[in-house]
Amino acid sequence: MGRKKQHTVDLDTERGIAPGLVAKTKKRLVVASGRSHEELSTEVAAALGTQLVPTEHRTFASGEILTRFEVSIRGCDFFLIQSFGPPVNEWLMETLIMLDAAKRASAKRITVVAPYFPYSRQDKKGRGREPISARLVADLFKTAGADRVMSVDLHAAQIQGFFDGPVDHLFAKPVLLEYFENTLSIEDRAKLTVVSPDTGRVRVADTWSDSLGAPLAIIHKRRDPNVANQITVNEIVGQVEGRVCLLVDDMIDTGGTIVKAAQALKANGAERVIVAATHAIFSDPAVERLQDPSIDEVVVTDTVPLPAEKRFPALTILPIAPLLARAIREVFEDGSVTSMFDGAA
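These lines cover the structure that appears in this document, whether it is placed above or below. (Residues numbered from 1 in each chain as written. Predicted model: local features only at pLDDT ≥ 70, side-chain atom pairs only at ≥ 80, totals over all residues. Heavy atoms only, no water.)

## Quick word on the sheet that holds strand β5 (residues 109–114)
Inference 1: The five strands lie next to each other as β1-β4-β5-β6-β7, forming an open sheet whose pairing is parallel. For this open sheet the edge positions go to β1 (29–33) and β7 (167–170), each flanked by a neighbour on one side alone. The sheet shows a mean angle of 20 degrees between the axes of neighbouring strands, taken without regard to direction.
Inference 2: Of the strand pairs in this sheet, β1 and strand β4 (residues 77–81) are connected by five bridges, and their pairing is parallel. In the sheet register, V30 faces β4, and the bridge partner there is F78.
Inference 3: Running at roughly 160 degrees to β5, helix α3 (residues 88–104) makes contact with β1, β4 and β5 of the sheet. (Pairing = 2+ DSSP bridges. Helix = DSSP H or I, 4+ residues; strand = E, 2+ residues; numbered from the N terminus. Axes fitted to C-alpha atoms, helices over the stretch in contact; angles between N-to-C directions. Contact = heavy atoms within 4.5 Å.)

Okay, here's the thing in structure tokens:
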């Protein structure tokens, strides 16, 4: 009895699909870190259930930087975490070099996770012949190989439009808000007033006011365009006498704005002044200023590293890693970052 001839069916042809090979590989999330805030990066990786990519970092005697990933990242969904505290320019250059290395190592998609976006205050021209450095940084990220950017509390929302690709704008408000909901007493909540330190932060302060069910006050200040970090408080709009005032801002640099605002609030009869900010830059002499008697407590997140010499008794530092980890997971799994913030992101 002769063998029955086997009938071979070209399934690709029958289904109208071009012949080819199906890869057995799956999506792989990889987290790498620059040297600016390795503690934060390690916490984010741990929250995601992974470890940081083993990476070789070198700074040569000439000041030039070399970065090399010690394992393959080919085809990975690559997240590079780098914050931008001082020295900001060195960390910016390191980020660009790491992006170039990841691109040349064939990472499939590259996301820069910059909890604090560098040069974010230079988002427009205040005077003629000035740069728009925030746009320049976005262009540098793109040119170096970034497909996506993730950041927390951008100084101005318009920075999202500077990057030619997706931008995930996260908010630290849920982290800070949870702290105050758990620590403010019923008596404090009854006489709480949310205060915007200047007119530029009114929209943010207004959302805080809604969330806490507290009235809003606004401090009108004037900044001398020719003198850096020089603030003059003119007047307070709203009732602050006998109130617990919560000053909310996106960052504290030298502390000039916050201290002037706190002093004005106390001079107008405020009972207590609590400061809440996302980014604790704390350039000198911020630490000394923030220990002014007009400020009762300062609450920040750890988007920027804070060494021991920049910490003081009235300072509370909240972890931002869980928020970043959740956002990274949403992006990796093609989920919704917006859902993390009730549709506001």
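## As for the pairing of β4
Inference 1: The buried count for β4 comes to five of five residues, which makes it a mostly enclosed element.
Inference 2: Neither face of β4 is exposed, since D77, F79 and I81 on one face and F78 and L80 on the opposite face are all buried.
Inference 3: Note that β4 and β5 share five bridges and pair parallel. Following the sheet pairing, I81 is matched in β5 by V113.
Inference 4: Regarding the hand of the β-α-β motif, the stretch spanning β4, α3 and β5 is right-handed. (Buried < 20%, exposed > 50% of the residue type's maximum accessible area, 1.4 Å probe, protein only. Right-handed = clockwise from strand over helix to strand, strands pointing away.)

## Thoughts on the pattern of salt bridges
Inference 1: Per the counting criterion, the structure on display carries 17 salt bridges.
Inference 2: The salt bridge involving D77 is made with R109; its shortest N-O contact spans 2.8 Å. Taken together, the residues span a long stretch of sequence, with D77 in strand β4 and R109 in strand β5 at a distance of 32 residues.
Inference 3: Take D77: its relative accessible area is 6%, and that puts it in the buried class.
Inference 4: R109 gets classed as partly exposed once you look at its relative accessible area, which sits at 22%.
Inference 5: Where K191 meets E271, a salt bridge forms, and the shortest distance between an N and an O atom there is 2.8 Å. Taken together, the residues span a long stretch of sequence, with K191 in the loop between α6 (186–190) and β8 (192–196) and E271 in the loop between α8 (256–267) and β12 (272–280) at a distance of 80 residues.
Inference 6: Residue K191 is classed as partly exposed on the basis of its relative accessible area of 24%.
Inference 7: One salt-bridge network, in which partners are shared between bridges, spans D100, K103 and R104. (Salt bridge = Lys/Arg side-chain N within 4 Å of Asp/Glu carboxyl O.)

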